[in-house]
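Coordinates in review
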Amino acid sequence: METKVTKSEEEWRRELTPEQYEVLRRQGTEPPFTGKYAYSKEDGIYRCAACGNELFSSDTKFESGTGWPSFYEPAAAERVELRPDNSHGMNRTEVVCARCGSHLGHLFDDGPAPTGQRYCINSISLDLDSNPEDES
């Protein structure tokens, strides 16, 4: 496993936009159908906008109709962490980046085959790397 990224909240505030900070560090949610990746069909790897951790492949992205980018599985199970989320009177599963602990979205059991899962992720939590093989 990669080295964990640990920063103070002040460091996160300086490095992230106010909108990113609200979602990634304060568990906010962007409005549906507004994120830059909601309808994206571009190939590549979706990385954590806070730390660059490889999270999802465009190969697992699907149109869920919910207004947020949806994936049926992460790039690797150890790249994300699942946590119980009982906020707002709901019982959900929060998805966070395993490397930096940033909030990404939620996991639901209404996705397509082969997993039946829907990782419902905020666009603002992601950066699309359309040339992942070019990294050195």
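What counts, and at which threshold
Residues numbered from 1 in each chain as written. Predicted model: local features only at pLDDT ≥ 70, side-chain atom pairs only at ≥ 80, totals over all residues. Heavy atoms only, no water. Helix = DSSP H or I, 4+ residues; strand = E, 2+ residues; numbered from the N terminus. Rg over C-alpha atoms; globule rule 2.2 N^0.38 Å. Areas by Shrake-Rupley, 256 points an atom, 1.4 Å probe, with all protein chains shown as cover. Lys, Arg positive; Asp, Glu negative; His and termini not counted. Charge placed at Lys NZ, Arg CZ, Asp CG, Glu CD. Core = buried A, V, L, I, M, F, W, Y, C linked by side-chain atoms within 4.5 Å. Buried < 20%, exposed > 50% of the residue type's maximum accessible area, 1.4 Å probe, protein only. Contact = heavy atoms within 4.5 Å. Pairing = 2+ DSSP bridges. Axes fitted to C-alpha atoms, helices over the stretch in contact; angles between N-to-C directions.

**Focus: the overall build of the protein**
Along the protein, the regular secondary structure elements total two helices and nine strands. Starting at the N terminus, the α and β elements of the protein follow one another as α-α-β-β-β-β-β-β-β-β-β. Relative to the compact-globule value of 14 Å for 136 residues, the protein shows a C-alpha radius of gyration of 14 Å, a close match. C-alpha extents for the protein along the principal axes are approximately 45 × 40 × 30 Å. For the protein, the accessible surface area stands at approximately 7,300 Å², while carbon and sulfur atoms represent 46% of it. Put simply, the protein has 15 plus and 25 minus side-chain charges, and the middle of one group is 5 Å from the middle of the other.

**So, the nonpolar core**
Among the nonpolar cores identified, the biggest contains 24 residues, and L55, F56, C100, Y119, I121 and L126 are the most heavily contacted of them. Among the elements of the structure, α2 (18-25), β1 (45-48), β2 (54-57), β6 (92-97), β7 (103-108), β8 (118-121) and β9 (126-129) are those that each provide at least two residues to this core. Look past the residues within four positions of Y119 in its chain and what remains in contact with it is F56, P69, S70, F71, Y72, E73, P74, V80, L82, V95, H106 and L107.

**With respect to the sheet that holds β2**
Taken together, the three strands give an open sheet; going across it, the order is β2-β1-β9, and neighbouring strands pair in antiparallel fashion. Two strands bound the open sheet, and with one partner strand each, they are β2 and β9. When strand polarity is set aside, the average angle formed by the axes of neighbouring strands in this sheet is 35 degrees. Across four bridges, the pairing between β1 and β9 is antiparallel. Residue pairing for β9: R47 is matched across the bridge by D127.

**Observations concerning α2**
Along α2, the residues classified as buried are Q20, Y21, V23, L24 and R25. In this fold, the buried residues of α2 make contact with α1 (9-15) and β7. Remark: Q27 follows α2 within two positions and exhibits a positive phi of approximately 60 degrees.

**As for the sheet that holds strand β4 (residues 70-71)**
If you trace the six strands from one edge of the open sheet to the other, you get β3-β4-β8-β7-β6-β5, paired in antiparallel fashion. In this open sheet, the two strands that pair with only one neighbour each are β3 (61-62) and β5 (80-85). In this sheet, β6 lies alongside β5 in antiparallel orientation, the contact comprising six bridges. The partner of R83 across the bridge, within β6, is E94.

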